[in-house]
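Fold and contact review
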Amino acid sequence: MKNEWPLWEVFIRGQHGLAHRHVGSLHAPDAEMAVKNARDVYTRRNEGVSIWVVKAIDITASAPGDKEPLFDPSNAKIYRHPTFYDIPEEVGHM
Amino acid sequence: MTTAIKTDTALFDLALRMGDNALILAQRVGAWCGHAPALEEDIALANVALDLIGQAKMWLSLAGEIEGKGRSADDLAFLRDARQYRNALLVEQPNGDFAHTLMRQFLFDAWHHPMLVALKSSADKRVADIAGKAEKEARYHLERSEDLIIRLGDGTEESRQRMQTALGALYPFAGELSAADAVDADLAARKIAPDLGDIGKGCAAYLKGVFADATLNAPESAAVRKGGKQGLHSEHLGYILADMQFLQRAYPGATW
């Protein structure tokens with residue numbers, strides 16, 4: 001349908017201090033309405049303290065077909081995890 | 001020695017009027033559930049209806065408490081006939097097309113929000129408490145309605161035409177909300193409720209500004225249609241109640 005509203009991706013911050021998380025998408029004619037619609041569709045059960053919306057078309061995503069060259073190479077490189085360092089007791093929880 | 005406590009009938013009426021406005025509008029708006037033009041609007045309307053049902057419950061519980069005859073919010077909602085309902089005629093008007101539904105909501109919200117703001121300073125603490133809770137919801141309802149009225153009024157040729165038709169049809173019902181009778185005067189004198197004339201003036205100025213932005217024209221000299229606040233309703237309320245009250249009438253005391 002040509003006249004359909006554009007699709008928006010919705011991000012909600014659940015509590016102060018946490019990052020916004022993608023929760024889903026919706027249709028709206030513009031950003032202002034997208035925020036209102038997001039409030040009505042995604043925060044009915046007290047899920048959020050902040051809403052971000054972004055036009056789905058503005059998101060550039062990696063191609064699923066590129067999964068192997070993009071992600072497989074990091075698979076076997078355990079030395080990139082900082083698990084080989086001894087952390088002194090007095091540093092505490094990192 | 002026992003003294004019979006006289007029911008504060010004006011306060012009882014205020015609680016009924018506030019509660020019945022919310023309840024009947026919720027029943028009307030709720031009928032859109034599953035039928036609105038877009039999923040997002042559908043959920044938004046259902047949210048508004050649920051907010052209003054919550055408010056109706058608080059007001060009608062208070063009404064039952066003031067009356068002192070042991071009637072609960074449910075008793076008042078489901079076991080009163082049309083003549084005992086005190087909602088304004090505006091809220092019982094049919095849903096019509098989406099423009100009528102939005103215009104009815106906007107005309108109500110434009111009065112409801114300032115009314116609740118004023119009731120937050122009521123001399124009766126119970127009234128002030130309910131208004132404090134309801135006002136936040138009404139503020140969002142008004143923000144949303146105003147936005148939609150401007151978008152659709154100042155929208156396409158068709159949307160403007162539909163909004164203008166809805167405004168012409170519903171505007172005569174808006175005045176009743178701010179038309180004070182003896183009950184309102186009594187409550188205002190006791191600082192339980194605001195002077196409705198002041199609310200009406202603020203509301204009229206606000207509406208004028210929004211209609212200008214929406215490129216809509218309110219009828220110049222429309223007669224105010226009223227009576228609902230005193231229990232004299234249009235033919236629509238009976239049908240609403242028949243629908244809403246069927247279960248309790250057919251199966252008294254049914255619960256689930």
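Residues numbered from 1 in each chain as written. Chains lettered and ligands numbered in written order. Predicted model: local features only at pLDDT ≥ 70, side-chain atom pairs only at ≥ 80, totals over all residues.

Re the interface of chain A and chain B
- Every contact between the two is made by 8 residues of chain A and, on the other side, 6 residues of chain B.
- It is helix α1 (residues 31-42) of chain A that contributes the most residues to the side of chain A that touches chain B, 4 residues altogether.
- Partitioned by chemical class, the residues of the side of chain A that touches chain B number 3 nonpolar, 2 polar and 3 charged. (Contact = placed C-beta atoms within 7 Å. Helix = DSSP H or I, 4+ residues; strand = E, 2+ residues; numbered from the N terminus. Nonpolar A, V, L, I, M, F, W, Y, C, P; charged D, E, K, R; others polar.)

Considerations on the sheet that holds strand β2 (residues 20-27) of chain A
All names here are of chain A.
- Ordered by their spatial adjacency, 3 strands build an open sheet running β2-β1-β3, and the pairing between neighbours is antiparallel. Edge positions in the sheet fall to β2 and β3 (50-55), since each has one partner strand and no second. The sheet shows a mean angle of 25 degrees between the axes of neighbouring strands, taken without regard to direction.
- Pairing between strand β1 (residues 7-13) and β3: 6 bridges, direction antiparallel. Its bridge partner being in β3, Ile 12 is matched across the sheet by Ile 51.
- Running over the sheet, α1 touches β1, β2 and β3 and is turned about 125 degrees from β3. (Pairing = 2+ DSSP bridges. Axes fitted to C-alpha atoms, helices over the stretch in contact; angles between N-to-C directions.)

Topic: helix α5 (residues 98-119) of chain B
Residue and element names in this part refer to chain B.
- Across its 22 residues, α5 extends 31 Å between first and last C-alpha, which sits within 8% of the 32 Å expected from 1.5 Å per residue.
- Along α5, the sharpest change in direction is near 25 degrees and occurs at Asp 109.
- Taking burial as the measure, the 22 residues of α5 include 19 buried ones, the bulk of the element. (Expected span 1.5 Å × (residues − 1). Bend = angle between axes of the 7 residues up to and from the residue. Buried ≥ 20, exposed ≤ 12 C-beta atoms within 10 Å, placed from the backbone.)

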